[in-house]
Amino acid sequence: MSTSSTEAAGPAHVAPVFAALGDETRLALIARLCEGGPLSIARLTTGSDLTRQAITKHLGVLARAGLVSGVRQGRERIWALDPAHLKEARGWLDEISLQWDRALDRLRKFVED
Amino acid sequence: MDTDRAPQSRVWQALTRAEEFGAWFEVKLDGAFTPGAHVVGTVDSKRYGQLTVDFMVERLEPERLFSYRWHPNPVGKDDFSKEPTTLVEFRLSEVPGGTRLTVIESGFDKLPPERRADSFRSNDAGWAEQMKRIERYVDK
């Protein structure tokens, strides 16, 4: 856990990230960009049941949350992961998780005494 | 959290009696946990000074489920009352000789969107394995 990133992040910063990730299709897109590096819409549509239009719409949601960015290359747009906001959201969850860890340790001692 | 030394009744009491909850959670509470109650807590944080934490109690199903809503990590501004909350659920079950307590905090995706701070770009690779943790949980 990085302290600097957690201090910078607050609920208002991370909520759009969680909201954007709260969808199976978008999580799958993130996973594909994570494994495959920057990909075109055509590549992202291959092997998917979704239309190009639907994928574009989901990428738009991810882009507005700052999770991906698209760069025009000729007639295509190449989409890549932008991990900064994801890192920020993770740091924030880590902090909450750590607080729970500590509290539950105290609870265990409390009930076992 | 698992304990093989405390029965469900003991853990239930530590969770739902305000004085006991206050002792391990390290919060001073101004009332009792009853369904629908709004209990105000005060926490002394080394990092942030004195913080107010509001517990909006939802359900108490004896020795099985205790839940409340609150504003997670209430730092950075004074008034969170208008903001959506997360739901914290404590679920108890029996394990041989003791108790299993599962804590689930959910609803992080409903917190209010606001202008995001500009953050530096980084190429840290470790986040991928954390994906499974994302969206809606703190589960111990």
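Keep in mind the model is a prediction, meaning the values are calculated, not measured. (Residues numbered from 1 in each chain as written. Chains lettered and ligands numbered in written order. Predicted model: local features only at pLDDT ≥ 70, side-chain atom pairs only at ≥ 80, totals over all residues. Heavy atoms only, no water.)

Here's the deal with the sheet that holds strand 2 (residues 68-73) of chain A
Residues and elements named next belong to chain A.
- Taken together, 3 strands build an open sheet; the order of strands is 1-3-2 and the sheet is antiparallel. The sheet is open, and its two borders are formed by strand 1 (39-40) and strand 2, each paired with just one other strand.
- In this structure, strand 1 lies alongside strand 3 (residues 76-81), joined through 2 bridges in antiparallel fashion. In the strand pairing of strand 3, Leu39 is matched with Trp79.
- Docked against the sheet, helix 3 (residues 24-36) engages strand 1, strand 2 and strand 3, running at close to 90° with respect to strand 3. (Pairing = 2+ DSSP bridges. Helix = DSSP H or I, 4+ residues; strand = E, 2+ residues; numbered from the N terminus. Contact = heavy atoms within 4.5 Å. Axes fitted to C-alpha atoms, helices over the stretch in contact; angles between N-to-C directions.)

Examining the sheet that holds strand 7 (residues 98-106) of chain B
All names here are of chain B.
- Taken together, the 7 strands give an open sheet; going across it, the order is 1-7-6-5-4-3-2, and neighbouring strands pair in antiparallel fashion. Lying at the two open borders of the sheet, with one neighbouring strand each, are strand 1 (2-3) and strand 2 (28-29).
- Alignment of strand 5 (residues 65-70) against strand 6 (residues 86-95), held across 6 bridges, turns out to be antiparallel. Paired with Tyr68 across the bridge in strand 6 is Val88.

With respect to helix 3 of chain A
All names here are of chain A.
- For helix 3, with 13 residues, the first-to-last C-alpha span of 18 Å sits near the 18 Å given by 1.5 Å per residue.
- Buried residues of helix 3: Arg26, Leu29, Ile30 and Leu33, and no others. Along helix 3, the residues classed as buried sweep out an arc of 100° about the axis, all on the same side. For helix 3, the exposed residues set more than 90 degrees away from the buried face come down to Glu24 and Glu35.
- For helix 3, the capping residue at the N-terminal end is Asp23, with a side-chain oxygen 2.9 Å from the backbone nitrogen of Thr25.
- Positive backbone phi, at 75°, marks Gly37, one or two positions downstream of helix 3. (Expected span 1.5 Å × (residues − 1). Buried < 20%, exposed > 50% of the residue type's maximum accessible area, 1.4 Å probe, protein only. Arc of directions from axis to C-beta. Polar contact = N/O pair within 3.5 Å; in protein donor to acceptor, adjacent residues only side chain to side chain.)

Quick look at the packing of helix 6 (residues 84-112) of chain A against helix 1 (residues 8-16) of chain B
- Direction vectors running N to C along helix 6 of chain A and helix 1 of chain B enclose 125°, while the axes themselves pass 10 Å from each other. Classified by the interaxial angle, the pair formed by helix 6 of chain A and helix 1 of chain B is oblique. Viewed along their axes, helix 6 of chain A and helix 1 of chain B form a crossing whose handedness is right-handed. Residues Leu107(A), Phe110(A) and Val111(A) of helix 6 of chain A lie in contact with helix 1 of chain B, whose contacting residues are Arg10(B), Val11(B), Ala14(B) and Leu15(B).
- Each residue belonging to the contact of helix 6 of chain A with helix 1 of chain B can be placed in one class, and the counts come to 6 nonpolar, no polar and 1 charged. (Parallel < 35°, antiparallel > 145°, perpendicular 65-115°, else oblique. Left-handed = near helix turned anticlockwise from the far one by under 90°. Nonpolar A, V, L, I, M, F, W, Y, C, P; charged D, E, K, R; others polar.)

Shape descriptors only; they carry no functional weight alone.
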